[in-house]
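Each chain, letter by letter, is given below.
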Amino acid sequence: MMSKKNLLYEAAMTIMIREGVNGLTISKVANEANIGKSTVYEYFNSKDELIYKTINYMGEKYVEEIQQRLFTDNKGFEMTIKGLIKIIIATIRQGNTNFIFMISECDKTFKSKVDTHEQIKNIMLGIRMKLYNLLEEIIELGVKEGIIDKPKDKMTFVIWQNLLVILSYEFSGEDVFLEQNDITIGDDEENIDTIYDLLLKIFKS
């Protein structure tokens, strides 16, 4: 059974997705969660605190879902990295309701509030590092299997991370660059294979 605090996070997340960050109020969150307004203040001192802690909850949940989907079975490097590509493409296609959009909205809303803005920046850095560590774990798997070379430094991991996102975006169908330049876009399985092959060309043993 979900705790009251998590019910409030889920309610806040629903409202922010539906109405934007500026549409969130404590009363709306209480009503959405079917919990008394006074109970919300038992967990959060202010609306701002509820918002940035909800952003952290969303990020943690996103990372946890990725971990569960990628590492519950011993799938090997190829299947694991392709699974990650599939998740990134799906996230890109979610459009305005995805985690990145929520961060962007918070960034615009809280720029004038230095403390809250700093909290959100720190949350984003923490989530990014957790995603970075997941990718590092996948790359180490590829090294053990002899599929790719051991990266020379941390910058190699950053290059992998950026390439994954860029290639996934280009092949997600959300950008028209490839079509405009007569580069073949297939179905999702073909696109995932293409992205995987492009990555291996750069980092293959």
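It should be noted that the structure appears before, not after, this text.
These figures come from a predicted structure and were not determined experimentally. (Residues numbered from 1 in each chain as written. Predicted model: local features only at pLDDT ≥ 70, side-chain atom pairs only at ≥ 80, totals over all residues. Heavy atoms only, no water.)

Undergrad: How do you make sense of the packing of aromatic side chains when you look at a structure like this?
TA: Think of a pair of aromatic rings as described by two things: how far the centres are apart, and how the planes are tilted against each other in angle. According to the stated counting rule, one finds six aromatic pairs in the structure shown. Taking the centre distance of 4.7 Å and the plane angle of 20 degrees together, the rings of tyrosine 9 and tyrosine 57 count as stacked. With a gap of 48 residues between them, tyrosine 9 in helix 1 (residues 4–19) and tyrosine 57 in helix 4 (residues 47–71) connect regions that are remote in the sequence. Judged by relative accessible area, tyrosine 9 falls into the buried class, the value being 9%. Relative to tryptophan 160, the ring of phenylalanine 77 lies with its centre 6.3 Å away and its plane at 70 degrees, an arrangement referred to as edge-to-face. Of this pair, phenylalanine 77 sits in helix 5 (residues 76–93) while tryptophan 160 sits in helix 8 (residues 154–170), and the two are 83 residues apart along the sequence. Accessibility classification places phenylalanine 77 together with tryptophan 160 in one group, the buried group. (Phe/Tyr/Trp six-rings, centres within 6.5 Å; stacked < 30°, edge-to-face > 60°. Helix = DSSP H or I, 4+ residues; strand = E, 2+ residues; numbered from the N terminus. Buried < 20%, exposed > 50% of the residue type's maximum accessible area, 1.4 Å probe, protein only.)

Undergrad: What's the story with the side chain of serine 168 in this structure? I'm lost.
TA: Along the polypeptide, serine 168 turns up in helix 8. Since its relative accessible area comes to 0%, serine 168 is described here as buried. Among the polar contacts listed, one links the side chain of serine 168 to the backbone oxygen of leucine 164, at a separation of 2.6 Å. Among all residues touching serine 168, those that are not within four sequence positions of it are Ile85, Ile88, Ile89, Ile92, Leu163 and Ile195. (Polar contact = N/O pair within 3.5 Å; in protein donor to acceptor, adjacent residues only side chain to side chain. Contact = heavy atoms within 4.5 Å.)

Undergrad: Even after reading the chapter, I still don't get the environment of isoleucine 88, so can you show me in this structure?
TA: Mapped onto the elements, isoleucine 88 comes out in helix 5. The class of isoleucine 88 is buried, set by a relative accessible area of 14%. When the C-alpha atoms of isoleucine 88 and tyrosine 169 are compared, they prove to be 8.1 Å apart, with 81 residues separating the residues in sequence. Residues within four places of isoleucine 88 in sequence aside, it is in contact with Leu164, Val165 and Ser168.

Undergrad: What is the right way to look at helix 10 (residues 188–203) in this model?
TA: Side chains three or four residues apart in an α-helix point the same way, a direct result of the helix having 3.6 residues per turn. For helix 10, with 16 residues, the first-to-last C-alpha span of 23 Å sits near the 22 Å given by 1.5 Å per residue. For helix 10, every residue scored as buried is listed here: Asn191, Ile192, Ile195, Tyr196, Leu199, Leu200 and Phe203. Contact partners of the buried residues in helix 10: helix 5 and helix 8. A distance of 3.2 Å separates the backbone nitrogen of glutamate 189 from a side-chain oxygen at the start of helix 10, and that oxygen is part of aspartate 187. (Expected span 1.5 Å × (residues − 1).)

Undergrad: Just to check I follow, could you spell out unusual backbone geometry for this structure?
TA: Comment: phi is negative for the bulk of residues other than glycine, and the bulk of peptide bonds are trans. Despite not being glycine, asparagine 34 has its phi angle at roughly 60 degrees, a positive value. Counting through the fold element by element, asparagine 34 comes out in the loop between helix 2 (26–33) and helix 3 (37–43). For asparagine 34, a relative accessible area of 71% gives the class exposed.

Undergrad: When you look at the pattern of salt bridges in this model, what are you seeing that I'm missing?
TA: Oppositely charged side chains can pair when the atoms bearing their charge come close. In this structure the tally under the stated criterion is nine salt bridges. In this structure, the salt-bridge partner of glutamate 19 is arginine 18, at a minimum N-O distance of 3.3 Å. Overall, the relative accessible area of 35% leaves glutamate 19 in the partly exposed class. The closest approach of N and O atoms between glutamate 136 and lysine 154, which form a salt bridge, is 2.8 Å. One end of the pair, glutamate 136, is in helix 7 (residues 114–144); the other, lysine 154, is in helix 8, with 18 residues separating them in the sequence. Three or more residues are tied together by salt bridges with common partners; here these are Arg18, Glu19, Lys28 and Glu32. (Salt bridge = Lys/Arg side-chain N within 4 Å of Asp/Glu carboxyl O.)

Undergrad: Which parts of the structure should I look at to understand helix 5?
TA: Between the first and last C-alpha of helix 5 there are 26 Å, a value that for 18 residues agrees with the 26 Å anticipated at 1.5 Å per step. For helix 5, the complete set of buried residues consists of Gly76, Phe77, Thr80, Ile81, Lys82, Leu84, Ile85, Ile87, Ile88, Ile89, Thr91 and Ile92.

Undergrad: Explain the packing of helix 4 against helix 5 to me, please; I cannot follow it from the model alone.
TA: Helix packing for two helices is described by the angle between their axes and how far apart those axes are. Axis separation between helix 4 and helix 5 bottoms out at 9 Å; the angle between their running directions is 145 degrees. Taken as a pair, helix 4 and helix 5 cross one another with a handedness that is right-handed. Touching Tyr62, Ile66, Arg69, Leu70 and Phe71 of helix 4 are Thr80, Gly83, Leu84, Ile87 and Thr91, all from helix 5. In terms of residue class, the contact of helix 4 with helix 5 is made up of six nonpolar, three polar and one charged. (Axes fitted to C-alpha atoms, helices over the stretch in contact; angles between N-to-C directions. Left-handed = near helix turned anticlockwise from the far one by under 90°. Nonpolar A, V, L, I, M, F, W, Y, C, P; charged D, E, K, R; others polar.)

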